Amino acid sequence: ALFRSFPVAEKTPEKTPKKTEDDILFDEIDDELRQDRAHKLWRAYGHYAVGAVLAIVISVAGYQGWQKYQLSSRLADGAKFAAAAGLADADKFDAAFKAFAELSDSGGEGYQLLARFNQARLLADRGEAGNAAIAYRVLADDPDVEPLYRGLAVVLGALQELNDASTDWAALQKRLEPLMADSSPWRFSARELAGLLAKRSGDTTKAKKLFSGLAEDRIAPQGIRNRAREMLSILGK
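Conventions and cut-offs
Residues numbered from 1 in each chain as written. Predicted model: local features only at pLDDT ≥ 70, side-chain atom pairs only at ≥ 80, totals over all residues. Heavy atoms only, no water. Phe/Tyr/Trp six-rings, centres within 6.5 Å; stacked < 30°, edge-to-face > 60°. Helix = DSSP H or I, 4+ residues; strand = E, 2+ residues; numbered from the N terminus. Buried < 20%, exposed > 50% of the residue type's maximum accessible area, 1.4 Å probe, protein only. Lys NZ or Arg CZ within 6 Å of the ring centre and 35° of its normal. Salt bridge = Lys/Arg side-chain N within 4 Å of Asp/Glu carboxyl O. Contact = heavy atoms within 4.5 Å. Expected span 1.5 Å × (residues − 1). 1 Å grid on protein atoms, 1.4 Å probe; cavity = no way out; pocket = protein on both sides within 12 Å on 5 of 7 lines; lining within 4 Å. Points joined across faces, edges and corners; volume = space filled by probe spheres on them. Nonpolar A, V, L, I, M, F, W, Y, C, P; charged D, E, K, R; others polar.

Chemist: I keep staring at the packing of aromatic side chains and nothing clicks. Help me out?
Modeler: The description of an aromatic ring pair uses the distance of the two centres, along with the angle that the planes make with each other. A full pass over the atoms with the stated rule returns four aromatic pairs. Measuring from ring centre to ring centre gives 5.6 Å for Phe81 and Phe100, while their planes differ by 65°; the resulting arrangement is edge-to-face. Taken together, the residues Phe81 in helix H3 (residues 60–89) and Phe100 in helix H4 (residues 93–106) connect sequence positions 19 residues apart. We note that Phe81, like Phe100, is buried. A cation over an aromatic ring shows up here: Arg126 above the ring of Phe93, its NZ or CZ 3.9 Å from the ring centre.

In structure tokens form, the structure reads like this:
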């Protein structure tokens, strides 16, 4: 999954930890992205593949030097990320949050983004739904973050906002709407969240419509389809 921690030293297996809502959502997000992203990337960059290979061959010496630097930098960032993740696993919240904060400031571009998401995730795991929602919203509103991950931040932030009594339901619905389009890789998660939001807001008719669509959509991840059927049972078909 996108945010799965890097490997750390092996130890004797103990009790398997129970997955959080975010962990389950990450698994389902993998299912959604797997179907959308490969085709989109090839359509966008496939025509340039041959040219890119030739450019690499022509500048091989410089490329290899840069690659060596990048590898060294990524290994260092990877070690820092693994250490921060280890602190989080040990429930050392303050130390883990600080470690991710340092990585979000000084790490490579990919690790900076991962660190920022994990800061928000730590807040969510600690039960600070409001602060976690704010952290995700900052990511969602950051123009330097790729649209794909800004959409992910909206989805994860919405999950937290549903647990916050002070949430502006209309504003949350507005943020989810673009992600519900058929072209969005986040459409299934966004529609599920919109259904929960409709239920929370008292719009049972809209909630039923959204959950019915998900329950009958064979492309939707199985977990989302199962939950949609459960919600329809609760709401009454």
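Here the narrative resumes, following the displayed structure.
Chemist: Would you mind going over the pattern of salt bridges with me for this structure?
Modeler: When charged atoms on two side chains of opposite charge get close, those side chains can pair. Scanning the entire structure with this criterion turns up six salt bridges. When the shortest N-O distance is used, the salt bridge between Glu161 and Arg137 registers 3.0 Å. One end of the pair, Glu161, is in helix H7 (residues 147–161); the other, Arg137, is in helix H6 (residues 129–140), with 24 residues separating them in the sequence. Owing to a relative accessible area of 6%, Glu161 belongs among the buried residues under this scheme. A single salt-bridge network, built from bridges that share partners, covers Arg137, Glu161 and Arg175.

Chemist: For this particular structure, what's the right way to read the environment of Ala207?
Modeler: Note that Ala207 resides in helix H10 (residues 204–216). Residue classification places Ala207 among the buried residues on the basis of a relative accessible area of 0%. When near neighbours in sequence (up to four residues on either side) are disregarded, Ala207 contacts Gly195, Ala198, Lys199 and Leu235.

Chemist: For this particular structure, what's the right way to read helix H11 (residues 222–235)?
Modeler: Three or four residues apart is the spacing at which side chains of an α-helix point the same way, because the helix has 3.6 residues per turn. Here H11 spans 20 Å end to end across 14 residues, near enough to the 20 Å set by a 1.5 Å rise per residue. Looking at the residues trailing H11, positive phi occurs at Gly236, about 85°.

Chemist: How should I be thinking about empty space enclosed by the protein in this particular structure?
Modeler: Taking a probe equal in size to a water molecule and rolling it over the atoms shows the remaining empty space. A full pass over the atoms with the stated rule returns two cavities of 30 Å³ or more. One number sums up the size of the largest cavity: a volume of about 60 Å³. Forming the boundary of the largest cavity are Ala133, Tyr136, Arg137, Ala140, Ala153, Val154, Gly157, Ala158, Glu161 and Arg175. Looking at the lining of the largest cavity, the elements with two or more residues in it are H6 and H7. For the lining of the largest cavity, the per-class residue count stands at six nonpolar, one polar and three charged.

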